[in-house]
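So you can see what is in the structure, the chains are spelled out below.
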Amino acid sequence: MNLSTGQGIDFHRLEKGLDLWLGGILIPSEKGCVAHSDGDVLLHAICDAMFGAAALGDLGQHFPDTSNEFKGIDSKILLKRTYELIKGKGFSVVNIDSTICLEKPKIAGYIEDMRSVISGILETVPENISVKATTTEKLGFTGREEGIIALASVLLRK
Ligand SMILES: [Zn+2]
């Protein structure tokens, strides 16, 4: 079996009055991500990890934030396109592990829905998709609720 691992990281600034999309789910929140797309930091980290595992470059190369095509785009479409690209190279997803770092809001109640959305797009089962959340103990820009970080690692099979 030909296995290939990749890692991805993404950051977005938080501002009042914007939508907060995480893992394909709209989360009730005072603040949302500033972004060219819908700012779904988790899906962006997952895309980046998938590109990394397939050695196909990075998210910014495939979906440039200067392109009007991607303005305000639903990141589920970006994840689907990423999956189609790696699938075209003969890869499928074995598993994904990911972590979202944010202070607020609490997102534990949305994680099952995220796993279901992500696994549906990636033609696998929720058991293969792990989404975790942590605060940074009020430290740094995440602790000050100025921004949000997501990290993902992906294992692909060829
Ligand atoms: Zn992003």
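Just so it is clear, the model here is predicted, and its values are computed rather than measured.

Comments concerning helix H3 (residues 75–88)
- Across its 14 residues, H3 extends 20 Å between first and last C-alpha, which sits within 8% of the 20 Å expected from 1.5 Å per residue.
- Looking at the buried side of H3, the elements it contacts are strand S2 (20–22), helix H1 (41–53), strand S5 (92–101), helix H4 (111–121) and strand S7 (147–157).
- Capping of H3 at its N-terminal end is provided by Asp74; its side-chain oxygen lies 2.8 Å from the backbone amide nitrogen of Lys76.
- Downstream of H3 by one or two residues, Gly90 has phi in the positive range, about 90°.

Examining the state of the cysteines
- All chains considered together, the criterion is met by zero disulfides.
- Between Cys33, a cysteine without a disulfide, and Cys101, which holds the nearest cysteine sulfur, the sulfur-to-sulfur distance is 13 Å.
- Cys47 carries a free sulfur, and the closest cysteine sulfur to it, the one in Cys33, is 15 Å from it.

A look at the side chain of Ser37
- Residue placement: Ser37 occurs in the loop between strand S4 (31–34) and H1.
- Here Ser37 falls in the buried class, since its relative accessible area comes to 14%.
- Here His44 takes part through its side chain, which lies 3.3 Å from a polar atom of the side chain of Ser37.
- Discounting chain neighbours no more than four positions away, the residues touching Ser37 are His44, Phe70, Gly72, Ile73 and Ser75.

A few points about H1
- Counted at 1.5 Å a residue, the expected span for H1 with its 13 residues is 18 Å, and the 18 Å between its end C-alpha atoms agrees.
- Most of H1 is tucked away: 12 of the 13 residues are buried.
- Every buried residue belonging to H1 is among Val41, Leu42, Leu43, His44, Ala45, Ile46, Cys47, Asp48, Ala49, Met50, Phe51 and Ala53, and all of these are buried.
- Downstream of H1 by one or two residues, Ala55 has phi in the positive range, about 50°.

Conventions we followed
Residues numbered from 1 in each chain as written. Predicted model: local features only at pLDDT ≥ 70, side-chain atom pairs only at ≥ 80, totals over all residues. Heavy atoms only, no water. Helix = DSSP H or I, 4+ residues; strand = E, 2+ residues; numbered from the N terminus. Expected span 1.5 Å × (residues − 1). Contact = heavy atoms within 4.5 Å. Polar contact = N/O pair within 3.5 Å; in protein donor to acceptor, adjacent residues only side chain to side chain. Disulfide = S-S within 2.5 Å. Buried < 20%, exposed > 50% of the residue type's maximum accessible area, 1.4 Å probe, protein only.

Geometry only, nothing functional implied.
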